[in-house]
Amino acid sequence: MTLRTGGEIIADQLIAEGVPYVLGIPGHGDMGVFDALKDRTDKIKAIQVRHEQSAGHIADAYYRVKGEPLATVTSIGPGSANLASALATAYVDSQALIAITGAVQTYMDGTGVLQEIERQRDADFSSTLRPITKRGYYPHRVDQVQRALNRAFNVALTGRPGPVHVEMPIDLQSHSAATDPINEGRHRATHTAVGPDPAGIEAIATVLASAERPVILAGGGCVHARAHAELRELAELLGAPVITTMMGKGVFPEDHPLCAQHTGSNGTACGNHMARTADVLLAVGTRFAEQTSSSFKHGESFSIPPTKVLHIDVDPREIGKNYPVDVGVVSDARTGLAALVAALAGRAFPDRSAYHAELAEQRAQWDKMIRDRWVDGAISLTKSIAVLREVMPREGIVIASAGHPQIQMFQEYPAYEPRTWLTPGGYSTMGFTVPAAIGAKLAAPDVPVVGVAGDGDFLMSIQELALIAQLDLPVVYLVMNNTGWTSIRDFQRGLFGEDRAFFTEFRGTDGELISPDFTAIAKGFGLDGVKVEAFDDLKPALERAIASNRPVVVEAIQDRDPANTTGINSGHWDLPKPDYLVTGAE
């Protein structure tokens, strides 16, 4: 049996799992792993992020696009603590990655080693990541490392996916041991489909067959399971409108006549209308999150009851968690939908021509609501989104992180194919856009990738422009520069009062607005930079950027009038107003 260090075991296992990239920053706490990677650069590439949070977001986005995991390697203490926001984002959105972090030498636990956290428990860093990872593994001998990695990949990639943490003490990275043959080879299922109970599928089919106004709600589980073909087949068989959640966007083509757009506080008027007037709602691969459900206010997005809920999900904890179900079936989305199509084949369904006409009218009204908000000449977010859709091919990938870009892209940017819309839907993480575009481009090098970010979001991970230049990666960023955290400004105005905007604009000591020159910054990093100050110049600027096969930052100077910054609020979001601002409050 060959002796290998813990670092070598990690490097060899990542290669065996087909991981093409490792993302991280070397420090004294992970040098043993990086040294092993040095001798294997022909089989696996290490990518130098400039901040560890970006490593997690790149891995997350790569998985969203390709469905295959990457690994991060970070040092002990603050280097790995920087990863936390990215792990939380991946965990909430159920995206797989392997996070390998350095740790205190096993023989020095509790002594106050440099960067050790030990006042509550010796070498206690792992406790900080426990709530935001699907599982954690903490080997304390070199001969345990292989088994820990086997289990980590198994947990990350099966069932409901998620990030997994592997903590590697410094000494284990550099000391050697033989691998027990029992820990070699494949250690997870070769076939991972989770099939439904036939009786449950028959029960769902029976309810759907008699529904007058059925609606399908498709979530991120449909994307993960690659269930887009089965979803479309079922919708067309039933004649049922399809609504997608923020995580499910793109799994059903938004130019299909049965597309009913989106529900929730940030959904569309069309989606909320169709969902709340449904008599039967088939929910597949979704958790009925607060944003999807208008903070669960009855009659805003859903009318449950009397609407009957039929729920298919791979995670039984999500079934019945927020709404009562008439039938709940544990299954992955693709297998469950395929079984449901088979169960419904040959059945007769009511004539839905009037129902479909209603859907078409609702969509037309929503489109008019958007167009009616366009102001001539001004660079608004809503007009910029329309231009971006014009210049992007159907398979092009777009990313948005938080605030107005996330909300309005969700509402207004039609997605036609799965895995072409990336957003931290459950965690709404600022700073996601820049590194996520890197991950998307690594996963799909032949597809245009555009990240849409406000200036506040862009500034949170702007240092990764150095990595983009280093990799010469042709990604495009559309930076909507409105000189502040303008989505919060608009929430303050809308919820608290016109005069209650506070602490959301970037102003100097003289009170004047102040902004970095993002075009000059891009050029300073070695990217191309274009500043757009007139709306008519935006489309040609984006066309040139996408066609250039170069990394480009397009900085659009956005009109700051609220009419040109905010979107349409078609649902309900439970954001309490301070008592002292409520009329009549004592």
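Structure: above.
Engineer: Would you mind showing me how to read the sheet that holds strand E15 (residues 421-422) here?
Structural biologist: Paired through backbone hydrogen bonds, the strands of a sheet run either parallel or antiparallel to each other. Taken together, 6 strands build an open sheet; the order of strands is E15-E14-E16-E17-E19-E18 and the sheet is parallel. Pairing within the sheet leaves two strands with one partner each, and these edge strands are E15 and strand E18 (528-532). Note that strand E17 (residues 476-481) and strand E19 (residues 552-557) share 6 bridges and pair parallel. Within E19, the position partnered with Val479 by the bridge is Glu555.

Engineer: Just to check I follow, could you spell out the pairing of E19 for this structure?
Structural biologist: Looking along a regular strand, one sees the side chains alternate between the two faces of the sheet. Within E19, 5 of the 6 residues are buried, which leaves it mostly tucked inside the rest of the structure. Strand direction decides the pairing type here: E18 and E19, joined by 5 bridges, are parallel. Opposite Gly529, over in E19, you have Val553 as the bridge partner. In terms of handedness, the path from E18 via helix H22 (residues 538-547) over to E19 forms a crossover that is right-handed.

Engineer: Would you take a moment to explain the packing of helix H3 (residues 52-66) against helix H17 (residues 433-443) for this structure?
Structural biologist: Between two packed helices, the angle of one axis relative to the other and the distance separating the axes together describe the packing. At a minimum axis distance of 7 Å, the contact between H3 and H17 shows a crossing angle of 40 degrees. The angle between H3 and H17 falls in the class oblique. The chirality of how H3 crosses H17 is right-handed. Contacts from Ser54, His57, Ile58, Ala61, Tyr62, Val65 and Lys66 of H3 reach H17 at Pro435, Ala436, Ile438, Gly439, Ala440, Leu442 and Ala443.

Engineer: Can you walk me through the state of the cysteines in this structure?
Structural biologist: Taken as a whole and judged by the stated rule, the model has 0 disulfides. Free of any disulfide, Cys222 has its nearest neighbouring cysteine sulfur in Cys259, separated by 14 Å. Residue class for Cys222 comes out buried when judged on its relative accessible area of 0%. Summary of cysteine pairing: Cys270 is not part of a disulfide, and the nearest cysteine sulfur, belonging to Cys259, is at 7.4 Å. Judged by relative accessible area, Cys270 falls into the buried class, the value being 0%.

Here is what the cut-offs are and how they apply
- Residues numbered from 1 in each chain as written.
- Predicted model: local features only at pLDDT ≥ 70, side-chain atom pairs only at ≥ 80, totals over all residues.
- Heavy atoms only, no water.
- Pairing = 2+ DSSP bridges.
- Helix = DSSP H or I, 4+ residues; strand = E, 2+ residues; numbered from the N terminus.
- Buried < 20%, exposed > 50% of the residue type's maximum accessible area, 1.4 Å probe, protein only.
- Right-handed = clockwise from strand over helix to strand, strands pointing away.
- Axes fitted to C-alpha atoms, helices over the stretch in contact; angles between N-to-C directions.
- Parallel < 35°, antiparallel > 145°, perpendicular 65-115°, else oblique.
- Left-handed = near helix turned anticlockwise from the far one by under 90°.
- Contact = heavy atoms within 4.5 Å.
- Disulfide = S-S within 2.5 Å.

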